[in-house]
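Fold and contact review
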Amino acid sequence: MSNISAKLVKELREITGAGMMECKKALQETEGDIEKAVDFLRTRGLAALSKKADRATNEGAIAEYISPDDKTGVLIEVNCETDFVATNQTFVSFVKLLAEVVAKDDPLDNAALMTLPVPGRDISIEELFGETVGKLGENIKVARFTRIELLDSGALAAYIHGGAKIGIMVQFALGNQASAEAEPFKIYARDIAMQVAAANPIAVRREDFDPALIAHEKEIYKAQAAESGKPEQIQEKMAEGRLNKFFKEQALVEQAYVKDMDISVDQYTQRVAKELGDSIAITAFTRYDLGSTN
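Keep in mind that what you see is a predicted model, and the values were worked out from it rather than measured.

Before going further, it helps to examine the overall build of the chain. Helix and strand counts for the chain come out as 11 helices and eight strands. Taken along its principal axes, the extent of the C-alpha atoms in the chain is 70 × 55 × 30 Å. Every one of the 294 residues in the chain was classed for burial, and the buried ones make up 44%. Summarising the internal contacts of the chain: among those between residues at least 6 apart in sequence, 63% fall at separations of at least 24. Accessible surface for the chain amounts to roughly 15400 Å². Of this, 50% is attributable to carbon and sulfur atoms. With 35 positive and 47 negative side-chain charges, the chain shows a spacing of 6 Å between the two charge centroids.

A sheet is described by the order of its strands in space; here three strands give the open sequence E1-E2-E3, paired in antiparallel fashion. With partners counted over all chains shown, the strands left at the sheet margins are strand E1 (59-66) and strand E3 (141-149), one partner each. Across the sheet, the axes of successive neighbouring strands diverge by a mean angle of 10°, strand direction being ignored. Contacts from helix H5 (residues 89-105) reach E1, strand E2 (72-80) and E3 within the one sheet, and its direction differs from that of E2 by about 140°.

Take the side chain of Ser-124 next. Mapped onto the fold, Ser-124 is located in the loop between helix H6 (110-115) and helix H7 (125-136). Given a relative accessible area of 17%, Ser-124 falls into the buried group. For Ser-124, the residues in contact, after removing those within four places along its chain, are Met-114, Thr-115, Leu-116, Pro-117 and Val-118.

Moving on, we get to the packing of helix H3 (residues 34-43) against helix H9 (residues 211-227). One can describe the packing of H3 onto H9 by two numbers: an axis separation of 8 Å at closest approach and a directional angle of 45°. By the angle between their directions, the pair H3 and H9 is classed as oblique. The two elements H3 and H9 meet at a crossing, and its hand is right-handed. Together, Asp-39, Arg-42 and Thr-43 of H3 and His-216, Glu-217, Ile-220, Tyr-221, Ala-223, Gln-224 and Glu-227 of H9 make up the contact between the two elements.

Note: predicted coordinates in regions of low pLDDT should not be interpreted at a detailed level. In this model, the chain carries an average pLDDT of 89, and 94% of its residues clear a pLDDT of 70 or more. Per-element averaging of pLDDT across the chain places helix H1 (residues 6-16) at the bottom with 83 and helix H11 (residues 265-276) at the top with 98. A low-confidence stretch, residues 50-57 (pLDDT under 50), is modelled with 23 contacts involving residues beyond four sequence positions or located in other chains.

One open sheet accounts for three strands, arranged E4-E5-E8; its pairing is antiparallel. The outermost strands of the open sheet, each flanked by one partner alone, are strand E4 (154-161) and strand E8 (280-289). Averaged over all adjacent pairs, the angle separating strand axes in this sheet is 15°, with direction ignored. Here E4 runs beside strand E5 (residues 166-174); their pairing, made up of eight bridges, is antiparallel. Bridged to Ala-158 within E5 is Met-169. Contacts from helix H8 (residues 183-199) reach E4, E5 and E8 within the one sheet, and its direction differs from that of E5 by about 135°.

We now examine the nonpolar core. Generally speaking, nonpolar side chains in soluble globular proteins are found buried as a group. Counting residues in each nonpolar core, the largest one holds 29 residues, and the members touching the most others are Ile-76, Val-78, Phe-91, Ile-125 and Val-142. Ranked by residues supplied to this core, first place goes to H5 with eight residues. Counting residues in each nonpolar core, the second largest holds 28 residues, with Ile-166, Phe-185, Leu-252 and Val-265 among its members.

Before going further, it helps to examine the pattern of salt bridges. According to the stated counting rule, one finds 15 salt bridges in the structure shown. Lys-186 is the partner of Glu-181 in a salt bridge, and the nearest nitrogen-oxygen pair spans 3.9 Å. Overall, Glu-181 belongs to the partly exposed group, its relative accessible area being 49%. Among the residues examined, Lys-186 registers a relative accessible area of 34% and is labelled partly exposed. The residue Lys-245 makes a salt bridge to Glu-249 at a minimum N-O spacing of 2.6 Å. On the criterion of helical spacing, the pair formed by Lys-245 and Glu-249 is a turn pair, its members being four residues apart in helix H10 (residues 232-250). Residue class for Lys-245 comes out partly exposed when judged on its relative accessible area of 48%. Judged by its relative accessible area of 37%, Glu-249 is partly exposed. Salt bridges here are not isolated pairs; linked through shared partners, they connect Glu-59, Asp-83 and Lys-165.

Cut-off values and rules
Residues numbered from 1 in each chain as written. Predicted model: local features only at pLDDT ≥ 70, side-chain atom pairs only at ≥ 80, totals over all residues. Heavy atoms only, no water. Helix = DSSP H or I, 4+ residues; strand = E, 2+ residues; numbered from the N terminus. Buried < 20%, exposed > 50% of the residue type's maximum accessible area, 1.4 Å probe, protein only. Contact = heavy atoms within 4.5 Å. Areas by Shrake-Rupley, 256 points an atom, 1.4 Å probe, with all protein chains shown as cover. Lys, Arg positive; Asp, Glu negative; His and termini not counted. Charge placed at Lys NZ, Arg CZ, Asp CG, Glu CD. Pairing = 2+ DSSP bridges. Axes fitted to C-alpha atoms, helices over the stretch in contact; angles between N-to-C directions. Parallel < 35°, antiparallel > 145°, perpendicular 65-115°, else oblique. Left-handed = near helix turned anticlockwise from the far one by under 90°. pLDDT = per-residue confidence, 0-100. Core = buried A, V, L, I, M, F, W, Y, C linked by side-chain atoms within 4.5 Å. Salt bridge = Lys/Arg side-chain N within 4 Å of Asp/Glu carboxyl O.

Below you can see the structure in the form of structure tokens.
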């Protein structure tokens with residue numbers, strides 16, 4: 001397929017970071033199939049792992065709310081038309097209020113959220129939307145929200161980064177609920193939320209990965225090893241080594257801790273657990289990137 005558009009080449013370059021000529025060749029080899037072209041480039045070592053998060057198409061803000069007992073948390077994304085409004089204090093306060101309402105009233109979806117009362121006022125959220133749109137002069141919509149409620153011993157931690165463009169919520173299991181109030185745990189929990197923002201892991205631990213994703217990665221690494229021309233036994237070891245490297249980069253507990261690259265996140269967790277005389281486990285995390293559907 002020789003008729004490859006410059007737009008498609010540019011898109012592949014943005015996804016993989018490979019050169020323009022390599023991207024064009026990959027698209028020609030795969031008849032313009034962008035997913036196959038990514039794999040083609042990765043097989044030849046010309047592209048890193050692509051998470052392929054959708055690029056933001058709207059402005060807006062992400063807000064978080066955690067209840068005083070650290071057991072109920074919300075991440076919410078609200079979109080607007082311009083960055084000027086996204087950073088406006090009226091808009092920012094509005095988004096934070098919505099997060100609190102979701103935490104308190106647990107609406108099923110956006111439609112249910114609109115019917116809820118505004119705390120301290122005799123109007124609905126839908127009416128508040130109308131007021132806010134009138135003040136700001138832009139269309140506003142709730143893109144999504146996630147509400148998390150812990151039923152067993154544990155705690156939540158949140159972190160908002162990049163001008164409210166990235167939002168993180170991390171869930172922890174604790175042996176003793178009192179540990180959630182300890183200062184060393186609070187510092188640790190925020191550090192882990194910041195780790196997720198900075199290092200963008202795919203899952204908490206290797207056992208949590210989608211088997212289909214791992215199978216796909218193995219195929220890529222085997223193809224890379226085959227390109228080396230080394231004996232099959234060596235190729236197998238090369239593929240296994242690359243898979244282990246993948247886990248160390250993409251599994252949260254195996255990642256190098258960003259504030260101390262000499263230890264892993266798991267080692268940091270065990271160090272804090274020992275200090276508290278308790279057990280700590282990272283059980284899940286939620287990440288919002290503004291405009292992404294992932």
